[in-house]
Amino acid sequence: RNFPAKKPKTGHYRNPEYHRLLFFPYHRILTAPYRQMINTLHIKNELEQLTRLYEFLDLQASTYGLEEQLSMQIKLALEEVVTNVILYAYPDKKDQDIRIDMNYRNELLTIVITDNGTAFNPLEMKEPDISLPPEERPIGGLGIYLVKQLMTEVIYTRSSGKNILTMTKDIH
């Protein structure tokens, strides 16, 4: 069934992707004067959901006009964080929600990952000793180290029973 495209309520902006957005499982909020876009994806804590995350990221990278190398860095960081949430935030619970918000404004990309899982601050992990050979390094900590190297800033908060990890990346 075809749905008629809705006209924007204010201004003259018309998103060329608008008709496609009606059928995607996330939503986009355009805030006046349309310099800021907030996009949201809701997924479940299942590894199969990573496919939806990749599709979401590819569309966002295209929308924001990100270069391929920058897009790959963001994808790698987000995949690391979301995979850890899927695997560890909800022990013994399936069908739990993970929310990913992306906001691009004034050459700053902000990504917020929110879950209701077990409280865990990944920034408290001890920095890995990358001078050691891989076989001598303890397991854990390398992923968040990589995320901190790829992103401009990473902040963790726990509020109202939710883990909130905010990552920002300067886009020049």
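Residues numbered from 1 in each chain as written. Predicted model: local features only at pLDDT ≥ 70, side-chain atom pairs only at ≥ 80, totals over all residues. Heavy atoms only, no water.

1. Quick notes on the overall build of the protein
Secondary structure summary: the protein contains four helices and six strands in total. Beginning at the N terminus, the succession of helices and strands in the protein can be written as α-β-β-α-α-β-β-α-β-β. Of all intrachain contacts in the protein linking residues separated by at least 6 positions in sequence, the fraction that spans at least 24 positions is 59%. (Helix = DSSP H or I, 4+ residues; strand = E, 2+ residues; numbered from the N terminus. Contact = heavy atoms within 4.5 Å.)

2. Brief notes about the packing of helix H3 (residues 68-89) against helix H4 (residues 142-150)
The angle between the axes and the distance between the axes are what describe a pair of packed helices. For the pair H3 and H4, interaxial distance at closest approach is 9 Å and the crossing angle is 145°. Here H3 and H4 pass one another in a crossing that is left-handed. On the side of H3, the interface is formed by Gln73, Leu76, Ala77, Glu80 and Val81, while H4 contributes Gly143, Leu146, Val147 and Leu150. Considering only residue class, the contact of H3 with H4 consists of six nonpolar, two polar and one charged. (Axes fitted to C-alpha atoms, helices over the stretch in contact; angles between N-to-C directions. Left-handed = near helix turned anticlockwise from the far one by under 90°. Nonpolar A, V, L, I, M, F, W, Y, C, P; charged D, E, K, R; others polar.)

3. What about the layout of surface pockets?
Where empty space is left in the structure can be found by rolling a water-sized probe over the atoms. Here the largest pocket defines a volume of roughly 570 Å³. Residue lining of the largest pocket: 25 residues in total, with Asn84, Val85, Tyr88, Phe120 and Pro122 positioned closest to the centre. The biggest single contributor to the lining of the largest pocket is H3, with eight residues. Tallied by class, the residues present in the lining of the largest pocket amount to 16 nonpolar, seven polar and two charged. (1 Å grid on protein atoms, 1.4 Å probe; cavity = no way out; pocket = protein on both sides within 12 Å on 5 of 7 lines; lining within 4 Å. Points joined across faces, edges and corners; volume = space filled by probe spheres on them.)

4. Let's talk about H3
The terminal C-alpha atoms of H3, which comprises 22 residues, lie 30 Å apart, in line with the 32 Å expected from a rise of 1.5 Å per residue. Among the residues of H3, Leu70, Ser71, Ile74, Lys75, Ala77, Leu78, Val81, Val82, Thr83, Val85, Ile86 and Ala89 are the ones counted as buried. (Expected span 1.5 Å × (residues − 1). Buried < 20%, exposed > 50% of the residue type's maximum accessible area, 1.4 Å probe, protein only.)

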